[in-house]
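# Geometric and topological summary
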Amino acid sequence: MARSSSRVITKVFLISVCVFAVLARPEDAKVQNKLSAVKSEKFATTLPATTVKKVDLQFSSIQQDESFPNVSEDVVDEAFNDMGFMRSEPYKCSNGEGLCDPTGQQIKNLNISSQTIKYSPDWTAENKTRSKRMDKLNNLACYYLMPSDYTLETLYPDEINPALCTHLIVTAARVQNNRVYFETTYDEEILRRAVNLREQNPKLKVLLSLQHFSDGSHSNEGFPGVVANKDNLDQFIFHVVSVVNEFYLDGIDINWQFPSWPLLNLEEKYGFAKLLETLRYHLPDSILTAAVAAPIRIIKQSYLMYPLANFVDFINVMAYDYFSYRWYFQITGPNSPLYSPRNESEYFQDLNINSSIHYWISNGIPTEKILLGMPTHGHSYKLKNEDNNGFNAPTTGLGIGEGGYVTFSESCEFKSHPNATTVFDLETLTPYAYHKNDWISFDDEKSLAFKVDYATTLNLGGAMVYSLNTDDYSGSSQCSITKFPLTSIIQLALNNNV
């Protein structure tokens with residue numbers, strides 16, 4: 001249904017002035033005042049008619065997944081035949097009962113053998129699965145990155161407000177030789193200190209994120225090696241269970257970026273599904289989450305929907321890094337656009353949060369299991385021409401920040417320069433700033449308020465923040481009114497939208 005600009009503005013910023021009991025810190029009044037200031041500013045802002053967006057909840061018009069749209073049919077069919085896979089994902093049977101393959105026969109499971117992965121009649125985890133739905137919709141899962149160096153400028157668990165997030169996801173242990181691998185024993189100590197935050201807030205859930213990045217090769221390292229055969233999978237699951245018990249974790253987050261991407265690899269796609277099922281079977285009382293892609297092209301090639309819809313408690317949609325400087329893509333773009341710019345076409349029209357979230361929902365993921373990822377970081381560029389400084393402007397390389405990543409404090413310092421220009425784009429509902437030939441895309445209180453409103457309008461399970469480390473955890477930035485200013489705004493906006 002269509003939403004008018006006035007309706008959006010009203011819903012985002014009709015925020016009560018009461019302070020919740022959980023917000024008992026002295027700086028919380030400042031956060032409330034900041035949100036009220038954002039509210040006043042937005043009431044004075046009129047969105048032009050051309051920026052009015054639709055939240056279309058009629059999904060019948062959205063074409064369903066083609067499993068591998070960029071690969072020839074002959075190649076796909078040959079791969080499926082050789083490996084015992086069925087062509088196409090399962091879908092609802094015509095009688096409405098269960099899932100069926102393309103021939104109409106009912107199927108429900110991927111059964112892993114020592115050689116390959118095939119469908120079998122039942123998902124073994126179903127009878128052991130207990131409802132893992134959260135008690136409320138306004139969940140706030142926060143990623144916390146283990147320190148890479150041990151200096152005074154590093155965020156330590158003791159500095160995290162245990163009432164800030166509902167879930168703290170400590171990242172990241174790696175997967176090596178079918179085991180959970182910590183770089184050092186100090187990493188293990190950091191994890192224990194994060195778990196100890198529950199002593200101050202018993203409602204806090206602490207998870208460990210297991211991370212793997214695909215590098216474009218058919219590797220047997222990390223998760224690809226785990227799902228290569230049943231023996232490896234069994235060994236890995238056994239060690240995961242032991243880690244959960246040893247560290248008294250509330251659950252595990254699987255952060256595989258990404259199965260079967262960028263190279264088509266059916267063993268990875270179906271193996272990821274089996275990995276989730278097996279983890280759920282052996283950890284029926286633990287929280288199981290998955291960090292998943294936002295671009296539709298990756299979603300299509302990487303995931304089966306049934307395991308994500310049924311075996312995980314929620315998916316963390318990484319709805320950021322849509323655009324960043326690449327040697328093969330040297331133009332500016334919004335890091336985390338809620339909607340696409342008006343003039344985008346074809347593939348780029350879907351590189352936005354609205355398209356991503358609706359695609360996940362239209363393919364069967366329950367809304368309450370979706371956490372909308374919100375970044376505390378931005379991306380930087382070097383402009384080729386200072387006078388061409390909007391979206392799609394040619395660039396020559398990375399700008400400020402390590403590797404082109406810009407923290408909250410760095411974006412604050414940049415936009416606070418007396419000669420810098422900051423623009424809030426009314427199409428993507430995100431800000432960007434430029435000064436001479438430096439250009440950054442980032443999020444601020446206003447853009448995050450729009451994102452929270454979007455999540456609550458669709459009855460999503462809440463928000464995910466990536467990460468606490470790139471927020472201003474010390475509260476020392478001139479733009480900060482409290483420690484973790486962006487995460488605090490998200491938390492308060494979520495609570496006020498209930």
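Residues numbered from 1 in each chain as written. Predicted model: local features only at pLDDT ≥ 70, side-chain atom pairs only at ≥ 80, totals over all residues. Heavy atoms only, no water.

## Focus on the overall build of the protein chain
Condition: Secondary structure elements follow DSSP: runs of H or I no shorter than four residues count as helices, runs of E no shorter than two count as strands, and numbering proceeds from the N terminus. We call two residues contacting when some pair of their heavy atoms lies within 4.5 Å. Values of accessible area rely on a 1.4 Å probe in the Shrake-Rupley scheme; residue burial ignores everything except the protein chains shown.
Counting its regular elements, the protein chain contains 13 helices and 20 strands. Within the protein chain, residue pairs in contact and separated by at least 24 positions form 75% of the contacts whose partners lie at least 6 positions apart. As displayed, the protein chain has an accessible area near 21500 Å², and 48% of this comes from carbon and sulfur atoms.

## Points about the packing of aromatic side chains
Let me state the cut-off plainly: Note on aromatic contacts: the rings of Phe and Tyr and the six-membered ring of Trp form a pair at centre separations within 6.5 Å, being stacked when their planes are under 30 degrees apart, edge-to-face when over 60 apart, and tilted otherwise. Relative accessibility decides the category of a residue: with a 1.4 Å probe and only protein chains considered, values under 20% of the type maximum give buried, values over 50% give exposed, and everything between is partly exposed. Whether a charge sits over a ring comes down to the Lys NZ or Arg CZ being within 6 Å of the ring centre and within 35 degrees of the ring normal.
Under the criterion given, the structure shown has 20 aromatic pairs. Arranged with centres 5.3 Å apart and planes meeting at 90°, the rings of W327 and Y328 form a pair that is edge-to-face. With respect to burial, W327 and Y328 carry one shared label: exposed. Taking NZ or CZ as reference, R297 lies 4.3 Å from the ring centre of Y347, over its face. For K446, the ring lying beneath its charged end belongs to F424, and the centroid distance is 4.5 Å.

## Topic: the packing of helix α12 (residues 445-457) against helix α13 (residues 485-496)
Condition: As a rule, the C-alpha atoms of each element are fitted with a line to give its axis, helices using only the stretch in contact, and angles between N-to-C directions run from 0 to 180 degrees. Crossing handedness follows the turn of the near helix against the far one: under a right angle anticlockwise gives a left-handed crossing, and clockwise gives a right-handed one. Under the convention adopted here, Pro, Cys and the residues Ala, Val, Leu, Ile, Met, Phe, Trp and Tyr are nonpolar, Asp, Glu, Lys and Arg are charged, and Gly plus all remaining residues are polar.
The contact between α12 and α13 brings their axes to 9 Å, and the two run at 35°. You can see that α12 and α13 cross each other, and the crossing is right-handed. Packed against α12, whose contacting residues are E445, L448, V452 and T456, the element α13 presents L486, I489, I490, A493 and L494 at the interface. Here the contact of α12 with α13 is composed, by residue class, of seven nonpolar, one polar and one charged.

## Considerations on the state of the cysteines
In plain terms, the rule: The criterion for a disulfide is a pair of cysteine sulfur atoms lying within 2.5 Å.
Within the structure shown, the criterion is met by two disulfides. Shown here is the disulfide that connects C142 with C165, its sulfur atoms set 2.0 Å apart. Sign of the S-S torsion, about -95° for the bond between C142 and C165, identifies this disulfide as left-handed. With C142 in strand β6 (residues 139-145) and C165 in the loop between β6 and β7 (167-176), this pair connects stretches of sequence that are 23 residues apart. This pair shows no difference in class: C142 is buried, exactly as C165 is. Two residues share a disulfide in this structure: C412 and C479, whose sulfurs sit 1.9 Å from each other. Since a negative S-S torsion denotes a left-handed disulfide, the C412-C479 link at about 90° is right-handed. Here C412, found in helix α11 (residues 408-415), pairs with C479, found in the loop between β20 (462-466) and α13; they are 67 residues apart in sequence, far enough to count as distant. On the accessibility criterion, C412 (1% relative accessible area) is buried.

## Some remarks on the pattern of salt bridges
Just so we agree on the cut-off: The rule for a salt bridge is simple: a side-chain nitrogen of Lys or Arg has to be within 4 Å of a carboxyl oxygen of Asp or Glu.
Counted by the stated rule, this structure contains 10 salt bridges. A salt bridge links R174 to E183; the shortest N-O distance between them is 3.0 Å. What makes R174 partly exposed here is its relative accessible area of 33%. A salt bridge links E427 to R342; its shortest N-O distance comes to 2.8 Å. Here R342 lies in the loop between β12 (314-317) and α10 (353-362) and E427 lies in the loop between β17 (421-425) and β18 (430-435), a separation of 85 residues in the sequence.

## Some remarks on the environment of V226
Relative to the helices and strands, V226 is located in helix α5 (residues 222-226). Residues V226 and N178 lie 48 residues apart in sequence; the distance between their C-alpha atoms is 5.6 Å. Apart from residues no more than four positions distant in its own chain, V226 is found in contact with V175, N178, N232, L233, F236 and L275.

## Focus: α11
The criterion, for reference: As used here, the arc is the angular range of directions from the helix axis to the C-beta atoms.
When α11 is considered as a whole, its buried residues turn out to be F408, S411, C412 and F414. Along the axis of α11, the buried positions cluster into a sector of 165°, meaning they face one direction only. Check the buried side of α11 and you find it contacts β16 (405-406), β18, β19 (438-441) and α13.

## Side note on the confidence of the model for the protein chain
Test applied: Within a predicted model, pLDDT stands for the predictor's per-residue confidence, ranging from 0 to 100.
Confidence in the prediction for the protein chain averages 81 pLDDT; 72% of positions are at 70 or higher. For the stretch residues 43-92, pLDDT sits under 50, and the model shows 110 contacts to residues farther than four places along the chain or on other chains. When the criterion is pLDDT under 50, residues 127-133 qualifies, and its contacts beyond four places in sequence or with other chains add up to 15 contacts.

## Focus on unusual backbone geometry
Going from W261 to P262, the amide bond is cis rather than trans, its omega being 0°. When you line up the elements, P262 lands in the loop between β10 (251-257) and α7 (266-282). Between Y466 and the following residue, S467, the backbone shows a cis peptide bond with an omega angle of 0°. Among the secondary structure elements, S467 is positioned in the loop between β20 and α13. For N177, which is not glycine, the phi dihedral falls at a positive 55°. One can find N177 in the loop between β7 and β8 (179-181). Non-glycine residue Y248 carries a positive phi angle of around 55°. Mapped onto the elements, Y248 comes out in the loop between α6 (230-246) and β10.

## Here we look at α13
Counted only if it meets this: Here the expected span of a helix is defined as 1.5 Å times the quantity of residues minus one.
For α13, which comprises 12 residues, the first-to-last C-alpha distance of 16 Å matches the rise-based estimate of 16 Å (1.5 Å per residue) to within 8%. Within α13, 12 of the 12 residues are buried, which leaves the element mostly enclosed by the surrounding structure. When we look at burial in α13, the residues that qualify are P485, L486, T487, S488, I489, I490, Q491, L492, A493, L494, N495 and N496.

## Here we look at the nonpolar core
Nonpolar side chains in soluble globular proteins tend to end up buried together. As a reminder of what qualifies: Here, nonpolar core refers to any group of buried Ala, Val, Leu, Ile, Met, Phe, Trp, Tyr and Cys residues whose side-chain atoms link them within 4.5 Å.
Core analysis: the biggest nonpolar cluster contains 113 residues, and L208, L210, L308 and W360 have the highest contact counts within it. For this core, the leading source of residues is α6, giving six residues. Non-local contacts of L308, meaning those with residues more than four positions away in its chain, are made with F272, L276, A290, V292, Y303, I315, W360, I365 and K369. Of all hydrophobic cores here, the second largest spans five residues; its members include F414, A433, I440 and F442.

## Concerning the environment of G475
Secondary-structure assignment places G475 in the loop between β20 and α13. Distance in space between the C-alpha atoms of G475 and S409 is 9.1 Å, their sequence separation being 66 residues. Setting aside residues up to four positions removed in sequence, G475 forms contacts with S480, T482 and K483.

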